[in-house]
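The lines below spell out each chain.
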Amino acid sequence: MTTSNPQVGWIGLGSMGLAMAQNVQQFLHREKKPGLRFWNRTASRGAPLESIGAVGCHSIAQLVRQCDLVFISTSDDVALVSIIDQILAVEDIDGKVFVDTTTVHPSTSKTTSEKLTQRNSSFVAAPVFGATPAAQKGQVLMAMSGPSKAIELASPFGKGVIAREVMIVSDEPEKATLLKALGNFIVAGTMEIVGEAHVLAEKSNLGSGTLEKLLELNFGSLAYSDSTRMTQGAYMPGEGQLPWSNLNLGIKDVQHGISCARDAGTRLKVAEVALEHMLRAKQFSDENGGRPLDSSSGYGIIRQDAGLDFENEFVKSRDGNGRRKSF
């Protein structure tokens, strides 16, 4: 491996992965380093990367053979395990470093690290905190755990490239994904609280605008951002629009947190309430044509439980009476 000038690869170009990979390629171009190699199951997703100088690979095996440092961004534990199996099928991966930005269960990170270590390669768990808009701006927060030398190789692509800041958590990869599970719990809990507060403000005629101003002035960016996701309709994206954070992935993330708590002999009761609302939001989507919903769409269920429509007035105005015309 060329530690001073590694060939960098990227596997997985979902909305988050593509945004982060573009930032890495732009950084490589500025630094006059070799262009990013990338692979995605749907090759056409790589067109924006190719347009700025990155090079597509026809298989994971080809990418791994060509690269020293490989970032992975995929949807869930099952997808990560599939990718790792393909990496392990490559004959020689000695000395290579694999950095996973996916939100997976800590046990998946631990098992992945053990498998790669047995093949004389290194694994860094590096989940990111933030939705696609933050990833596009390089403003996510990244947590890294793994061997110090591997983190040293990956770090130049963290702060200032992929992320606004990088937290070095531990030499045990599973600790970073445990931290991510806790972060997701806090986000889900905040969305639950903000959603319930908005419904009360609406039902009591205080008004969402007044509550939202309070959240902006007194409760920080997380509460305010979650509020705008609700009041400005991001919880139920317009037809043809993608969610900031997909509901199905949000459900998976909250389930991981609940599982971690159970394994540790405790409970995340607020997460359990939030999960119920998210699962019911998924059922609502399934029953009404399957339009993708945001992970904040539990707000719509809280509305329904209070005798309101799933769609707030913003969504109704935007979509023309909401789901009756848009689903």
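Residues numbered from 1 in each chain as written. Predicted model: local features only at pLDDT ≥ 70, side-chain atom pairs only at ≥ 80, totals over all residues. Heavy atoms only, no water.

It is not clear to me how the nonpolar core should be interpreted in this structure. Could you clarify?
Soluble, globular proteins show a tendency: their nonpolar side chains are buried together. Core analysis: the biggest nonpolar cluster contains 35 residues, and Trp10, Val24, Leu36, Leu69 and Ile162 have the highest contact counts within it. Contributions of two or more residues to this core are made by strand 1 (8–11), helix 1 (15–30), strand 4 (69–72), strand 5 (97–100), strand 8 (140–145), helix 7 (148–154) and strand 9 (163–170). The dominant element in this core, judged by the number of residues it contributes, is helix 1, at 8 residues. Each residue touching leucine 69, except ones within four places of it in the same chain, is listed here: Pro6, Gln7, Val8, Gly9, Val97, Val99, Leu153, Ala154 and Phe157. Membership of the second largest hydrophobic core comes to 30 residues, among which are Val199, Ala201, Met236 and Tyr299. (Core = buried A, V, L, I, M, F, W, Y, C linked by side-chain atoms within 4.5 Å. Buried < 20%, exposed > 50% of the residue type's maximum accessible area, 1.4 Å probe, protein only. Helix = DSSP H or I, 4+ residues; strand = E, 2+ residues; numbered from the N terminus. Contact = heavy atoms within 4.5 Å.)

Explanation requested: empty space enclosed by the protein in the structure shown.
Gaps left between atoms show up when a probe the size of a water molecule is rolled over them. Overall, the coordinates contain 1 cavity of 30 Å³ or more when judged by the stated rule. Of the volumes computed, that of the largest cavity is approximately 70 Å³. Every residue along the wall of the largest cavity is listed here: Ala188, Met191, Glu192, Ala274, His277, Met278, Ser295, Ser296, Gly298, Tyr299 and Ile302. Elements that contribute at least two residues to the lining of the largest cavity include exactly helix 8 (173–203), helix 12 (269–287) and helix 13 (298–305). Residue composition of the lining of the largest cavity, by class: 6 nonpolar, 4 polar and 1 charged. (1 Å grid on protein atoms, 1.4 Å probe; cavity = no way out; pocket = protein on both sides within 12 Å on 5 of 7 lines; lining within 4 Å. Points joined across faces, edges and corners; volume = space filled by probe spheres on them. Nonpolar A, V, L, I, M, F, W, Y, C, P; charged D, E, K, R; others polar.)

What exactly am I supposed to notice about the environment of valine 194 here?
Mapped onto the fold, valine 194 is located in helix 8. By relative accessible area, which is 4% here, valine 194 ends up buried. For valine 194 and tyrosine 299, which are 105 residues apart along the polypeptide, the C-alpha to C-alpha distance reads 8.5 Å. Sequence-distant contacts of valine 194, that is, excluding residues within four places in its chain, are made with Leu215, Ala223, Asp226, Ser227 and Met230.

What is the right way to read the packing of helix 11 (residues 247–263) against helix 12 from this model?
When two helices pack together, their arrangement is given by the angle between the helix axes and by the axis-to-axis distance. The contact between helix 11 and helix 12 brings their axes to 10 Å, and the two run at 155 degrees. In terms of orientation, helix 11 and helix 12 fall into the roughly antiparallel class. As for how helix 11 packs across helix 12, the hand of that crossing is left-handed. Only Ala271, Glu272, Leu275, Met278, Leu279, Ala281 and Lys282 of helix 12 make contact with helix 11, whose side of the interface consists of Leu247, Asn248, Gly250, Ile251, Val254, Gln255 and Ile258. Taken together, the residues of the contact of helix 11 with helix 12 break down into 9 nonpolar, 3 polar and 2 charged. (Axes fitted to C-alpha atoms, helices over the stretch in contact; angles between N-to-C directions. Parallel < 35°, antiparallel > 145°, perpendicular 65-115°, else oblique. Left-handed = near helix turned anticlockwise from the far one by under 90°.)

Even after reading the chapter, I still don't get unusual backbone geometry, so can you show me in this structure?
Leave glycine aside and you will find that most residues have negative phi; peptide bonds, for their part, are mostly trans. A positive phi angle, close to 55 degrees, is found at lysine 32, a residue other than glycine. Among the structural elements, lysine 32 can be located in the loop between helix 1 and strand 2 (37–39). Classification of lysine 32 by relative accessible area gives exposed; the value is 76%. The residue asparagine 205 is not glycine, and still its phi comes out positive at about 65 degrees. Exposure remark for asparagine 205: the relative accessible area of 70% places this residue in the exposed category.

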